[in-house]
Each structure stands twice: as C-alpha cells, then as structure tokens.
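Single-letter residue listing:
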Amino acid sequence: MAEEHMIGWIGAGRMGSAMAGRLIRAGHDVAVYNRTRSKVDPLVEMGAKAAETVGELASRDVVLITVAGSEDFLEVLGGEGGLLRQDVVPKIIVDSSTVSAEASAEGRALARSRGCALLAAPVSGNPKVVSSGRLTMAVSGPRDAFESVRPYLETICAGVTYVGEGEVARLVKLCHNLFLGVVIQSLAEITVLAQKGGVTRHDFLSFLNDSVMGSMFSRYKSPALVNLDFKPTFTTKLLRKDFDLGLAAARALEVPMPVAALVHQVVQGGVGEGHGDVDFAALINLVAGGAGIELVSEDATVDDGLHPVGDK
C-alpha cells in the first residue's frame, strides 16, 4: 500500500462491527463512532480508537459508513455536526449502507461541494459472511478514489468490483437482491416437492449442495430450510422493499422481468402471512402450505459452509 490513511468508521452495528474488525485486526489506524457508545467498546478492545461525535472523524483521510438507512446516511453527512459540516472534511467517504439512489446522489453532491469523493459500496453478505472472509462489494463513484481505497476494501471483502460512476452500484445491489428472492423461492419449491415425495429436506439439500447446481448461497441457507430457524439475516420485509425498488428500476429502464414480478407477489404474500420480520427463508412455509403439508424442524446438523478462510 503506497500510503497509509487514517480511517474513520461510522456505525458499529452487527454488520459494521464485523467489517471494521477486519481492518483493525489487519493493523490499520481506525477510529469508530456509533450512536450507542457501548457498541464501540469491543472494537476498542481490538485496537480501535473511540470517537465521541461524528465530527471527530472529519479529520480522518477516509471514512466508511454503515448506518441503518437513507435518513441516517444524510444526517451523518450533512446534519448538525455532520462529517461535511466541519472545517476539515475527509478526502474520501465510502458508504456501505442500504440507501436509495436519490439519497446517495444527494450525499454525493454535498460531498462534491466540499471537495470530497463519495463512493457507493453496497455489500453482499451478513456478519457471519464477513467473519468467514467471503463478503463481496460493488463500488461506484470516482475511479481514482476507488483505487486509493481499494486495498482497505479488499481487506474487508473477498471480492471488490468497480462497476462505474455515480449510483450504479446501488442498481447492482438491487439486481443482486432480486436474484436472491427468485433463488430462495425456487429453492423452497423444489425442496418441498422432494419432501412431499418422501425425501427429507436434509437429504435433498445435501445432494443439491454437492451437485453442480449447488452454490454458496444454497449451502448457507440449508440450515434454515432444514431446521426452520428463521432468525433474521435479511427479513422478508426488507426483501419486499428491494423488490419494490428493483422492479421500479426495471420499469424505468423498460426491462421486462416476469419471473421477478411473480416472486414479488409471493414475497408480499409472505409479509401478509406474518413472516415479514423473520428471515426470508420462511417463504418455504408458504410453499408448504400450498402443497398441503406442515413443516417441522428436522433437528439435523447442517453445515452452512461458512468456515473462516482467514483474515487478509
């Protein structure tokens, strides 16, 4: 790495903490702010510095953001005491929050007005994926800013892909999550078909995961499908939101998406049936209901495939 930067991090929830932890363990100079101060303490024990306000991070060279949504994103940038309201501002801001393209563009304009580059950097994965070293990221914004921070992003992620200028990384994430919904629905359907024909879900998914059709995704969702543990990694309501946004983008770009449109209605049904606040793998319950069977946990030991590959 040609130049070592001082790094700031805003947002120490489960995802942000896991991501920041990889930078800290790699020996980088990281200062962390979180609205709930106690969530910063584990990172301080690992070697991070604690920031008491967002504004304290404005003098850092690079600041990464992982907050709850668009409102929080714009607040930490331009609200009272925000990063971009200080006398000195970061050179580069990298946002990995789930925000709208409109909020991202608003934040980008504010950053540009202060001479700061903003990179949109949505990720694919959850905290366990981060810990296993398999997180992936799509990045859009100024190419020179991306190249400057690329080594840090590659410390956090197994795969980092620059996809273009502006907000296109947000579209990439929506495309990803549309596919996510289509795949889980198809996986649920074939698993229920196999079960109704006399095959346990565990046996069927073990076969599938070892076949050419298996994937990292099918393997890591297998424990939920087999044991009906729907503790949320990504809720059905959040999946519905991304289908709303993704299909709106498809309409704006005149791209027909008949399969995704059908799954959108299935996801809506899942929310209506009371599965909105649990993991989206609970869509298997709708399939089972339509097949006239009631699922029970198989209480099996299932390998999710997310074994740590080691910190970079």
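Above: the structure in question.
Scope of this entry: the structure provided in the associated data block. (Residues numbered from 1 in each chain as written. Predicted model: local features only at pLDDT ≥ 70, side-chain atom pairs only at ≥ 80, totals over all residues. Heavy atoms only, no water.)

1. Section: the overall build of the protein
Counting secondary structure elements, the protein contains 12 helices and nine strands. Over its C-alpha atoms the protein spans a radius of gyration of 21 Å, differing by no more than 12% from the 20 Å that the globule rule assigns to 312 residues. In terms of overall dimensions, the protein has a C-alpha envelope of 65 × 45 × 35 Å along the principal axes. Going through the 312 residues of the protein one by one, you find that 49% of them count as buried. (Helix = DSSP H or I, 4+ residues; strand = E, 2+ residues; numbered from the N terminus. Rg over C-alpha atoms; globule rule 2.2 N^0.38 Å. Buried < 20%, exposed > 50% of the residue type's maximum accessible area, 1.4 Å probe, protein only.)

2. So, the environment of Thr-233
Of note, Thr-233 is situated in the loop between helix 9 (216-227) and helix 10 (236-252). For the pair Thr-233 and Gly-125, spaced 108 residues apart in sequence, the C-alpha separation works out to 8.9 Å. With sequence-adjacent residues up to four places away left out, Thr-233 is seen in contact with Asn-126, Tyr-220, Lys-221, Asp-279 and Phe-280. Of note is the side chain of Thr-233, whose polar atom sits 3.4 Å from the side chain of Lys-221. (Contact = heavy atoms within 4.5 Å. Polar contact = N/O pair within 3.5 Å; in protein donor to acceptor, adjacent residues only side chain to side chain.)

3. Some details on helix 12 (residues 283-290)
Along helix 12, the residues classified as buried are Leu-283, Ile-284, Val-287 and Ala-288. Taken end-on, helix 12 shows its buried residues confined to a sector of 145 degrees, consistent with a single buried face. Gly-292, located one to two residues past helix 12, shows a positive phi value of around 80 degrees. (Arc of directions from axis to C-beta.)

4. Some details on the state of the cysteines
Here the structure, examined in full by the defined rule, presents zero disulfides. Between Cys-157, a free cysteine, and Cys-175, which holds the nearest cysteine sulfur, the sulfur-to-sulfur gap is 19 Å. With relative accessibility at 42%, the residue Cys-175 sits in the partly exposed group. (Disulfide = S-S within 2.5 Å.)

5. Here's the deal with a nonpolar patch on the surface
Judged by side-chain polarity, Leu-171, Leu-253, Val-255 and Met-257 come together as a nonpolar surface patch covering roughly 330 Å² of accessible area. Take Leu-171: it is sitting in helix 7 (residues 168-196). (Patch = residues over 30% accessible without salt bridge, like charges linked within 9 Å, V, L, I, M, F, W, Y side chains within 5 Å. Areas by Shrake-Rupley, 256 points an atom, 1.4 Å probe, with all protein chains shown as cover. Salt bridge = Lys/Arg side-chain N within 4 Å of Asp/Glu carboxyl O.)

6. A word on the environment of Gly-55
Relative to the assigned elements, Gly-55 resides in the loop between strand 3 (49-50) and strand 4 (62-65). Put simply, Gly-55 and Arg-85 are 30 residues apart on the chain and 7.9 Å apart in space, counted from C-alpha to C-alpha. When sequence neighbours within four positions are dropped, the list of residues in contact with Gly-55 reads Gly-81 and Gln-86.

7. Some thoughts on the packing of helix 11 (residues 258-275) against helix 12
One can describe the packing of helix 11 onto helix 12 by two numbers: an axis separation of 9 Å at closest approach and a directional angle of 90 degrees. Classified by the angle their axes make, helix 11 and helix 12 are roughly perpendicular. Counted together, Val-266, Val-267, Gly-269, Gly-270, Glu-273 and His-275 of helix 11 and Leu-283, Asn-285 and Leu-286 of helix 12 form the full contact between these two elements. In the contact of helix 11 with helix 12, the residues fall into four nonpolar, four polar and one charged. (Axes fitted to C-alpha atoms, helices over the stretch in contact; angles between N-to-C directions. Parallel < 35°, antiparallel > 145°, perpendicular 65-115°, else oblique. Nonpolar A, V, L, I, M, F, W, Y, C, P; charged D, E, K, R; others polar.)

8. Notes on the side chain of Thr-235
Position of Thr-235 relative to the elements: it lies in the loop between helix 9 and helix 10. The exposure class assigned to Thr-235 is buried, which follows from its relative accessible area of 14%. Beyond its immediate sequence surroundings of up to four residues, Thr-235 is in contact with Gly-276, Asp-277, Val-278, Asp-279 and Phe-280.

9. A word on helix 6 (residues 143-156)
Residues three or four positions apart in an α-helix share a direction because the helix packs 3.6 residues into each turn. Across its 14 residues, helix 6 extends 19 Å between first and last C-alpha, which sits within 8% of the 20 Å expected from 1.5 Å per residue. At Val-149, helix 6 is deflected by roughly 55 degrees, the largest bend along its length, and proline Pro-151 occurs up to four residues later in sequence. Among all positions in helix 6, only Ala-145, Phe-146, Val-149, Tyr-152, Leu-153, Thr-155 and Ile-156 are buried. (Expected span 1.5 Å × (residues − 1). Bend = angle between axes of the 7 residues up to and from the residue.)

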